[in-house]
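Residues per chain, in single letters:
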Amino acid sequence: MSDKVVTRFAPSPTGFLHIGGARTALFNWLYAKHTGGTMLLRIEDTDRERSTDAATAAILDGLSWLGLTWDGEPVSQFERAPRHRAVAEELVRMGKAYYCYATPAELEAMRESARARGLPPRYDGRWRERDPSEAPAGAKGAIRIKAPADGETVVHDLVQGEVRFPNKDLDDFIILRSDGNPTYMHAVVVDDHDMGITHIIRGDDHLTNAARQMVIYRAMGWDVPSMSHIPLIHGADGAKLSKRHGALGVEAYRAMGYLPEALLNYLARLGWSHGDDEVMSIADMIAWFDIGDVNKGAARFDFAKLEALNGVHMRRMNDAELLDIFINTLPYLEGGPAIAARLDDTRKAQLLAALPGLKERAKTLVELADGAAFLFAERPLPIDEKATALLGGEAREILRGAHAALEAITGDWTAEAAEAAIREYAVARGHKLGAVAQPLRAALTGKSTSPGVFDVLAVLGREESLARVADQID
Ligand code: GLU
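Residues numbered from 1 in each chain as written. Predicted model: local features only at pLDDT ≥ 70, side-chain atom pairs only at ≥ 80, totals over all residues. Heavy atoms only, no water.

### Points about the overall build of the protein chain
When its secondary structure is counted, the protein chain shows 20 helices and 12 strands. Radius of gyration (C-alpha) of the protein chain: 31 Å, far over the 23 Å computed for a compact globule of 474 residues. Counting only C-alpha atoms, the protein chain reaches 105 × 40 × 40 Å along its principal axes. Buried positions account for 49% of the 474 residues belonging to the protein chain. Intrachain contacts of the protein chain at a sequence separation of at least 6 include 76% that bridge at least 24 residues. Within the structure as shown, the protein chain displays about 22,100 Å² of accessible surface, and the carbon and sulfur contribution to it stands at 51%. Computed over 55 positive and 68 negative side-chain charges, the separation of the two mean positions in the protein chain equals 4 Å. (Helix = DSSP H or I, 4+ residues; strand = E, 2+ residues; numbered from the N terminus. Rg over C-alpha atoms; globule rule 2.2 N^0.38 Å. Buried < 20%, exposed > 50% of the residue type's maximum accessible area, 1.4 Å probe, protein only. Contact = heavy atoms within 4.5 Å. Areas by Shrake-Rupley, 256 points an atom, 1.4 Å probe, with all protein chains shown as cover. Lys, Arg positive; Asp, Glu negative; His and termini not counted. Charge placed at Lys NZ, Arg CZ, Asp CG, Glu CD.)

Encoded structure:
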């Protein structure tokens, strides 16, 4: 056997790829990348009622957006049912599992009596030692695994440490239902074995399943993969993550204007750290990540931190790359499609030129789109409330002079030339620079905040700038 690490992400396609699932995928991916291994993808679609193709598509889309690539084709758990069945039958032949013909009424009575004695409901093993010839005629029977009755099962977990489960708590659970369908518990083990998974990294809500799954591995004589059960994400208030806290599908984060890299950085830092490093590139995370360094305490999701981190990633990203991501994200952003529709080569160049100023003022791509809206606005510009206030009183008179000063520029239309003209005009009329710059900004952008007003003039160009100012004079 080679030592190559093989991890897997195994979502159930009953909903979107939510933020907790994305973090599980990320840890599997980082660990595979860090060790030079591979990450496989398995769609756990055995629950036919709750699994949908739309959910599978949303999960693949979410992973792709985040750049969490998997190796090979996704595996459908449902399609492997014949193999799960074969393994269950093999366990029966090996004497490690047996057919159980207990009726629903008998099982209910067992549960009832356990409840009455204050015990957890458990199968009493009534078919464990019976001869198959005693099977009721025509009955199908479910297959149950023979779980060890005493001693303990120990899960050696890289995150949780050594977790001990007394075997008296593990009953002979069903691996194949009487309708011939495998149980989830059994399917996971057979799939992980057949896919050659060396490291299972998943939410700690699966920790108790791990003990049961080990029973199946041992019965088949298979190696138990390394296990890591990572803590779930909680809300900032410590409560279980709900929609209000950010338990949304990853596509909601795309629509809120977060960069994949920033979201991954944020998710990686939830429960894992590398010294004092807060801001990490994907390459940094791959270089530094080790599953054994993940904390076992619950991590808390904090929108404000995510937003701040996103702003940092936007500012440190090179402009061409940020522009690319921005353009690709436009279809998903509020107001984005309108921008996308007007994005010709000229505007792309303007946007690129304005980006250094724009990204200083934006923490998300939504804010970036908002800041860039002036480039795409049609004259006469919609003027927001604060900008309207800046255009009242003597502002109109000031603008008239500014317009004349700008119009008089004869050389190249640059930020420097515009600044020189406006400064000269302000000094000549005894205006403070701000008294000129503010109404000028309002006229050029329709807003009270924007990148530096001289940069705005340069990006818009002579004709458009003069026309926008003129619109506010007449
Ligand atoms: N399908 C399970 C889930 O979505 C994961 C099972 C596993 O990782 O073993 O929670």
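Still more ground to cover, so stick around.
### Overview of the site of the ligand
In the vicinity of the ligand, the residues found are Arg8, Ala10, Pro11, Ser12, Glu44, Tyr184, Val188, Arg202 and His206. A distance of 2.6 Å separates a nitrogen atom of the ligand from a polar atom in the side chain of glutamate 44. Relative to its unbound accessible area of 300 Å², the ligand is 80% covered by the protein chains. A class-by-class count of the residues in the shell around the ligand yields 4 nonpolar, 2 polar and 3 charged. (Near = heavy atom within 4 Å. Polar contact = N/O pair within 3.5 Å; in protein donor to acceptor, adjacent residues only side chain to side chain. Nonpolar A, V, L, I, M, F, W, Y, C, P; charged D, E, K, R; others polar.)

### Observations regarding the pattern of salt bridges
For the coordinates displayed, the defined rule picks out 33 salt bridges. Here aspartate 169 makes a salt bridge to arginine 122, at a shortest N to O gap of 3.8 Å. Taken together, the residues span a long stretch of sequence, with aspartate 169 in the loop between strand S7 (161–166) and strand S8 (174–176) and arginine 122 in the loop between helix H4 (104–116) and strand S5 (142–145) at a distance of 47 residues. In this structure arginine 122 comes out as partly exposed when scored by relative accessible area, which is 26%. (Salt bridge = Lys/Arg side-chain N within 4 Å of Asp/Glu carboxyl O.)

### What about the side chain of histidine 403?
Within the secondary structure layout, histidine 403 lies in helix H16 (residues 395–407). Non-local contacts of histidine 403, meaning those with residues more than four positions away in its chain, are made with Leu466, Val469, Ala470 and Ile473.

### As for the sheet that holds S8
Two modes of strand pairing occur in sheets, parallel and antiparallel, and in both the strands are linked by backbone hydrogen bonds. Overall, antiparallel pairing links the 3 strands, which are arranged S4-S5-S8 in an open sheet. For this open sheet the edge positions go to strand S4 (97–100) and S8, each flanked by a neighbour on one side alone. Going across the sheet, the axis of each strand differs from the next one's by a mean of 45 degrees, ignoring polarity. Here S5 runs beside S8; their pairing, made up of 2 bridges, is antiparallel. Looking across to S8, one finds that arginine 144 is bridged to isoleucine 174. (Pairing = 2+ DSSP bridges. Axes fitted to C-alpha atoms, helices over the stretch in contact; angles between N-to-C directions.)

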